[in-house]
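Here is what each chain is made of, one letter per residue.
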Amino acid sequence: MRVESGSAQERGILLESLATLLEKTTASHEGPASGNRGLTDLLPPEVCSLLNPAAIYANNEISLRDVEVYGFDYDYTLAQYADALHPEIFSTARDILVEHYKYPEGIRKYDYNPSFAIRGLHYDIQKSLLMKIDAFHYVQLGTAYRGLQPVPDEEVIALYGGTQHIPLYQMSGFYGKGPSIKQFMDIFSLPEMALLSCVVDYFLGHSLEFDQAHLYKDVTDAIRDVHVKGLMYQWIEQDMEKYILRGDETFAVLSRLVAHGKQLFLITNSPFSFVDKGMRHMVGPDWRQLFDVVIVQADKPSFFTDRRKPFRKLDEKGSLQWDRITRLEKGKIYRQGNLFDFLRLTEWRGPRVLYFGDHLYSDLADLMLRHGWRTGAIIPELEREIRIINTEQYMHSLTWQQALTGLLERMQTYQDAESRQVLAAWMKERQELRCITKALFNAQFGSIFRTFHNPTYFSRRLVRFSDLYMASLSCLLNYRVDFTFYPRRTPLQHEAPLWMDQLCTGCMKTPFLGDMAHIR
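All values reported here derive from a predicted model rather than from experimental measurement. (Residues numbered from 1 in each chain as written. Predicted model: local features only at pLDDT ≥ 70, side-chain atom pairs only at ≥ 80, totals over all residues. Heavy atoms only, no water.)

We now examine the overall build of the protein chain. The helix and strand tally for the protein chain stands at 17 helices and 18 strands. With 520 residues in all, the protein chain has 54% of them scored as buried. Long-range contacts, defined as pairs at least 24 residues apart, comprise 74% of the intrachain contacts of the protein chain with a sequence gap of at least 6. Approximately 24,400 Å² of the protein chain is accessible, and the part contributed by carbon and sulfur atoms is 50%. (Helix = DSSP H or I, 4+ residues; strand = E, 2+ residues; numbered from the N terminus. Buried < 20%, exposed > 50% of the residue type's maximum accessible area, 1.4 Å probe, protein only. Contact = heavy atoms within 4.5 Å. Areas by Shrake-Rupley, 256 points an atom, 1.4 Å probe, with all protein chains shown as cover.)

Turning our attention to the sheet that holds strand β15 (residues 353-357). One open sheet holds the nine strands; their spatial order is β1-β17-β16-β15-β3-β11-β12-β14-β13, and the pairing between them is mixed. Edge positions in the sheet fall to β1 (57-58) and β13 (311-314), since each has one partner strand and no second. In the sheet, strand β11 (residues 263-267) pairs with strand β12 (residues 293-296) via three bridges, with the strands oriented parallel. Counted as the bridge partner of I267 is I295 from β12. (Pairing = 2+ DSSP bridges.)

This part is about the UniProt feature "active site" (unreviewed entry) in the protein chain. Per the UniProt record, "active site" (unreviewed entry) is found at D73 and D75. Those annotated residues lining the second largest pocket are, specifically, D73 and D75. Considering the arrangement of structural elements, one finds D73 in the loop between β3 (69-72) and β4 (80-81). Reaching out from D73, the side chain makes a polar contact with the side chain of K300 at a distance of 2.9 Å. Of note, D75 is situated in the loop between β3 and β4. (UniProt positions renumbered as here; feature names shortened; annotations may be inferred. 1 Å grid on protein atoms, 1.4 Å probe; cavity = no way out; pocket = protein on both sides within 12 Å on 5 of 7 lines; lining within 4 Å. Polar contact = N/O pair within 3.5 Å; in protein donor to acceptor, adjacent residues only side chain to side chain.)

Turning our eyes to something else, we now look at the layout of surface pockets. In this model, the second largest pocket occupies a volume close to 1,200 Å³. Around the second largest pocket, the lining comprises 37 residues; the ones closest to its centre are K177, D186, H227, N269 and K300. For the lining of the second largest pocket, the secondary-structure elements that each account for two or more residues are β9 (181-183), α5 (189-205), α6 (212-228), α7 (231-238), β14 (333-336) and α12 (360-371). Here the lining of the second largest pocket takes seven residues from α6, the largest share from any one element. Residue classes in the lining of the second largest pocket are distributed as 13 nonpolar, 11 polar and 13 charged. (Points joined across faces, edges and corners; volume = space filled by probe spheres on them. Nonpolar A, V, L, I, M, F, W, Y, C, P; charged D, E, K, R; others polar.)

We now examine the pattern of salt bridges. Scanning the model with the defined rule gives 30 salt bridges in all. A salt bridge links K217 to D221; its shortest N-O distance comes to 2.7 Å. Highlighted residues: K217 and D221, both in helix α6, separated by four residues, approximately one helical turn. Ionic pairing is found between D341 and R344, a salt bridge with its closest N-O pair at 3.2 Å. Here the residue D341 and the residue R344 both occupy positions in helix α11 (residues 339-346), the gap between them amounting to three residues, near one helical turn. A single salt-bridge network, built from bridges that share partners, covers R94, D95, E99, E105, R108 and D111. (Salt bridge = Lys/Arg side-chain N within 4 Å of Asp/Glu carboxyl O.)

Below, the structure is given as structure tokens:
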């Protein structure tokens, strides 16, 4: 590329702007003693409190005035569980592997590490590779693990034929269940990923040969046994105060909706006895009077797609009845069934129905894509991630990354030796900052919502399958029942007011950040 005669002067202005910014950021990089200076001077005081962890965020415009019927999943939607449940699931499944599947006794030395994995990761079964994939199906380098050890970027690229791209459409189905690659989408999968990684780590560390597919199936079966045999249900029932969170808030949400004339229903995969005890704890003995329809052991997601399973009524003791179901009655309990009969019997169709769940595939995908219901995703991790985003450390790191990115794009015009040296130094610093920012969320995998700059595959599904998302159902208490949620107009790349680029290069007037809060 030919450089015009004025380019030396332009480069000088660019570097002078950088020097000014570097001077302002020096304090923030030197340590906490200077933490109130540096990049803070560039940011208005309110910048670190822009996001509210108790807010509801909209992917699609929706007016609650138009919603007449509210539906709910149970686990991690109506009932929020404490993290103390995960070590119990992990250790019990670990012991099942040793005692029933005859895995080495040495596996018992592993304990659950709550800081290892995040939701939304993919697992390549044949390669024993746990990794984070972005919205474009590329592995985020530095986030691929075999067992408990990171896999070098060069090896990851070589494993996939010289590319970071994963052909998910060939290797995994719509619900992320394989056959070659599994996506871990629900919160219960956190102990499963941890156990899978620990078992692989043991086998590799002791140079034991193993079939990757067999190991994966054994671990998932052991985790499934914890649920199928009712062990998890027993732990929760024995100490609901310990394991169930925000029960009073759940009661407040349901009571408020009923008081405003809304119809409610519950569709859950959990058994009646478990749901009944939990709802009695949170709401009281008359909890069924709040719901117009209650369906347990629904077998989602096939409940939404399989027309063959009929509804069965349960008596007060939870025993199956034999009578044919011609209507769904308030106060009664139904088992299995399918959505097509549900729609026929209730006539609850389209956008006047809003259903909440925590699993993007099992709870929300089919309802939005096939049936036109409005959907709300419960993402408990959102609260913690927003609190991190609101810290000065995160804001400083992101601000400088954005500045460097703009400088890199402009500086590549200059091809002399000095400019290339500066460019290389900036690229190295940008990569270091990206790694620091990633570690603020999780040392191994970073944020569940972003790779370094792209949305994650999890985020892509979240936007596609949910109209609203929030940290917990209690966020509804912060809004009127006729409130309209408007998604912010986030800029496309050709629309974006790249304010940090403008700030560091001085090429355009920078908008006041307070006026740009909606962009976030």
